[in-house]
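Observations on the three-dimensional arrangement
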Amino acid sequence: MPFLADLLRSIWDRILDNKGKVTSTGGFFFGIIVTLAFKDLYPDLEASYRRRIRQLRGVNIPHPVPGQTDYVRLEDHTRRNSKVVTDLEDARRTHDRDDAEQIPVGIEGLIGNTPLIKLRALSEAVGCEILAKAEYLNGAGNSPKDRVALFMIDHAEAEGLLVPGRGDVVYEGTVGSTGISLAAVCRARGYGCYICMPNDVATEKSTLLTNLGATVERVLPASIIDQNQFVNLARRRAAEHTSSSDQPGRGFFADQFENTANYMAHQSTTGPEIYAQCGGRLDAFVSGAGTGGTISGVALALKPLLPDLKIILADPQGSGLYNKVKYGVMFSSTETEGTRRRHQVDSVVEGVGINRLTANFEAGMGLVDDAVKVSDEQAMRMARWVVQREGVFVGASSAVNLVAAVRVGRDLGKGGRVVTVICDSGTRHLSRFWKGVGELAVSGRQEPEELDEILNMER
């Protein structure tokens, strides 16, 4: 050991000069000694620090087995970094593969799984939860009719009634939303689209249809018994196409009112989505009925799971379904002798309300518990109330749904939960429904500040 003692004494002499101060050479040697010492000490400090942090977070970490550590020594960092890079690359490849599997394919992949939102201001004002299925966020035609259009086309393809690339054309009679959804899905599938519609519906709907590539034929409003009524005309146009030797392919009449793929779309998708999003907890479902597909399909999906659930029809003025549900008689006051006007359903509300039973409504009619009648003015004032307090710009049928949902919510009281549907945006209803809303605002009438004032209006 004398040799080691002499070496240490020599190093120490080099560190200090004759005045006892550290020399530059001495500082160099001193740094080497400290580095070598800390090299062995650092991993122990690091391991101790990590164990302490995990203990503070409540993680029970056992002491390492003798001879093993839960750290990596400094001299292993090169190999460790190489392994980290490999792990990151593997993780990225896995993530990329998973993302590819989750990417929707075409606009069909954007249909369904719409969010269920709580309308905060409306819920607070009513005293129970008002939840709305945001069907206007469907990605093809931006309404619940996206589901219907996709189901009808899928079923027609499965039965050989539609064949891509053959020159087939889908024909439909509609006041707008179903036609828009069909036009979008037809474009994606390679079919033509021919829409017959009344000439008094909002002009923005026919403009949108034209821009989607559909052929639009606008006709005078007429009763269903008239062969030139828009639905009957669409059926005839499809038959003419099929029998024509001058046109390629065939015509397929979608027939949204009687085609049961309509309600099955909602029974298979909308209803189960609502049940899952609510965690199985809801007291009432409120919806209007045009074709009847939404209310029937959702009722058929939810009633077997929730026997106490109330299914409530929201019906606009001029429609006969309210009386059919309440009293078993299809009748509207607008059909009284001397009072009937030019519309079968005389209302500014488009898309809901009808004076006949359709196959889709009949499929679930026995499950409908009650009905709420909604006037045009109630719907318009509700639309304004919601856009002012929720920032949600709803269309006409959605406003009808919300009036009825509020009335049902008031009856349920605190702790109740009502689910309804926001069908489409107000941007499709500017020239009729929202024009009426604007006229209310300048009519000089007192503005109702409370929901009770809207509910208590004459219906």
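A brief structural summary. (Residues numbered from 1 in each chain as written. Predicted model: local features only at pLDDT ≥ 70, side-chain atom pairs only at ≥ 80, totals over all residues. Heavy atoms only, no water.)

Description of the overall build of the protein
Each helix and strand in the protein was counted, giving 16 helices and 10 strands. Taken across its 459 residues, the protein has 46% of its residues classed as buried. Restricting the contact set of the protein to residue pairs at least 6 apart, pairs at least 24 apart contribute 70%. If you sum the accessible surface of the protein, you get close to 23100 Å²; carbon and sulfur atoms cover 53% of it. (Helix = DSSP H or I, 4+ residues; strand = E, 2+ residues; numbered from the N terminus. Buried < 20%, exposed > 50% of the residue type's maximum accessible area, 1.4 Å probe, protein only. Contact = heavy atoms within 4.5 Å. Areas by Shrake-Rupley, 256 points an atom, 1.4 Å probe, with all protein chains shown as cover.)

With respect to helix α9 (residues 261-277)
With 17 residues, α9 should reach 24 Å at 1.5 Å per residue; the first-to-last C-alpha distance of 24 Å fits that figure. In the structure, α9 departs most strongly from a straight axis at Q267, where the bend amounts to approximately 35°. Considered for burial, the residues of α9 that qualify are A261, N262, Y263, A265, H266, T270, G271, E273 and I274. Of the surrounding elements, those touching the buried residues of α9 are β2 (129-134), α5 (145-158), β7 (284-287), α10 (293-302), α12 (359-364) and β10 (417-422). (Expected span 1.5 Å × (residues − 1). Bend = angle between axes of the 7 residues up to and from the residue.)

Concerning the side chain of T114
Looking at the secondary structure, you find T114 in the loop between α3 (77-102) and β1 (116-118). At 3.4 Å, the side chain of T114 forms a polar contact with the side chain of R147. Beyond its immediate stretch of four places on either side in the chain, T114 contacts K133, A134, E135, L137, N138, R147, E273 and Q277. (Polar contact = N/O pair within 3.5 Å; in protein donor to acceptor, adjacent residues only side chain to side chain.)

Observations regarding helix α6 (residues 177-189)
Given a rise of 1.5 Å per residue, 13 residues ought to cover 18 Å, and the 18 Å separating the end C-alpha atoms of α6 matches this to within 8%. Summarising burial for α6: 10 of the 13 residues are buried, a large majority. Of the residues making up α6, those classed as buried are S177, T178, G179, I180, S181, L182, A183, A184, V185 and C186. For α6, the elements touching its buried residues are α5, β3 (169-173), β4 (192-198) and α7 (203-211). One or two steps after α6, the chain reaches G190, where phi turns positive at roughly 90°.

Some points on the pairing of β2
Consecutive side chains along a regular strand alternate between the two faces of the sheet. Counted residue by residue, β2 has six buried out of six residues, so it is predominantly covered. Judged by which residues are buried, β2 turns out to be covered on both faces: E129, L131 and K133 on one side and I130, A132 and A134 on the other are all buried. Sheet topology note: the β1/β2 ladder contains three bridges and is antiparallel. Counted as the bridge partner of L116 is K133 from β2. Relative to β10, β2 runs parallel, the two sharing six bridges. By the bridge assignment, I130 is partnered in β10 with V418. (Pairing = 2+ DSSP bridges.)

Observations regarding the pattern of salt bridges
Taken as a whole and assessed by the stated rule, the structure comprises 20 salt bridges. The residue E240 makes a salt bridge to R236 at a minimum N-O spacing of 3.9 Å. Of the two residues, E240 and R236 are both situated in helix α8 (residues 230-243); the distance of four residues between them amounts to about one turn of the helix. Exposure remark for E240: the relative accessible area of 37% places this residue in the partly exposed category. Take R236: its relative accessible area is 28%, and that puts it in the partly exposed class. Between E377 and R381 there is a salt bridge, with its nearest N and O atoms 3.0 Å apart. Linking E377 with R381, this pair stays in helix α13 (residues 376-389), spanning four residues, or about one helical turn. Because the salt bridges share partners, they merge into one network encompassing E108, D154, E157 and R189. (Salt bridge = Lys/Arg side-chain N within 4 Å of Asp/Glu carboxyl O.)

Side note on the sheet that holds strand β8 (residues 310-316)
Reading across from one edge, β1-β2-β10-β7-β8-β9 is the order of the six strands in this open sheet, with mixed pairing throughout. Since the sheet does not close on itself, it has two edges, and those belong to β1 and β9 (370-374), each with one partner. In this sheet, neighbouring strand axes are inclined to one another by 25° on average, regardless of whether the strands run parallel or antiparallel. One ladder, built from five bridges, connects β8 with β9; its direction is parallel. Residue L313 lies in a different strand from β9, and its bridge partner there is A371. Set on the sheet, helix α14 (residues 396-412) makes contact with β2, β7, β8, β9 and β10; between it and β10 the angle comes to about 175°. (Axes fitted to C-alpha atoms, helices over the stretch in contact; angles between N-to-C directions.)

Quick word on the sheet that holds β3
Judged by pairing direction, the sheet is parallel, and its four strands sit side by side in the order β5-β4-β3-β6 without closing on themselves. One side of each edge strand has no neighbouring strand; the edge strands of this open sheet are β5 (215-219) and β6 (251-253). The average angle at which neighbouring strand axes cross in this sheet is 20°, direction not considered. Pairing of β3 with β4, which is carried by five bridges, proceeds in the parallel orientation. Considered in β4, the bridge of Y171 is made with Y194. Running at roughly 160° to β3, α8 makes contact with β3, β4, β5 and β6 of the sheet.

Digging into the packing of α6 against α7
One way to put it is that α6 packs onto α7 with a least axis distance of 9 Å and a crossing angle of 10°. Classified by the angle between their axes, α6 and α7 sit roughly parallel to one another. Here α6 contributes G179, I180 and A183 to the contact with α7, which in turn contributes K205, L208 and L209. A class-by-class count of the residues in the contact of α6 with α7 yields four nonpolar, one polar and one charged. (Parallel < 35°, antiparallel > 145°, perpendicular 65-115°, else oblique. Nonpolar A, V, L, I, M, F, W, Y, C, P; charged D, E, K, R; others polar.)

Observations concerning the nonpolar core
Among the nonpolar cores identified, the biggest contains 41 residues, and L122, I130, V286, M382, V418, F433 and L451 are the most heavily contacted of them. With sequence-adjacent residues up to four places away left out, L451 is seen in contact with L122, A125, V126, M382, W385, V406 and R410. Listed in part, the 37 residues of the second largest apolar core include V169, A299, Y322 and F361. (Core = buried A, V, L, I, M, F, W, Y, C linked by side-chain atoms within 4.5 Å.)

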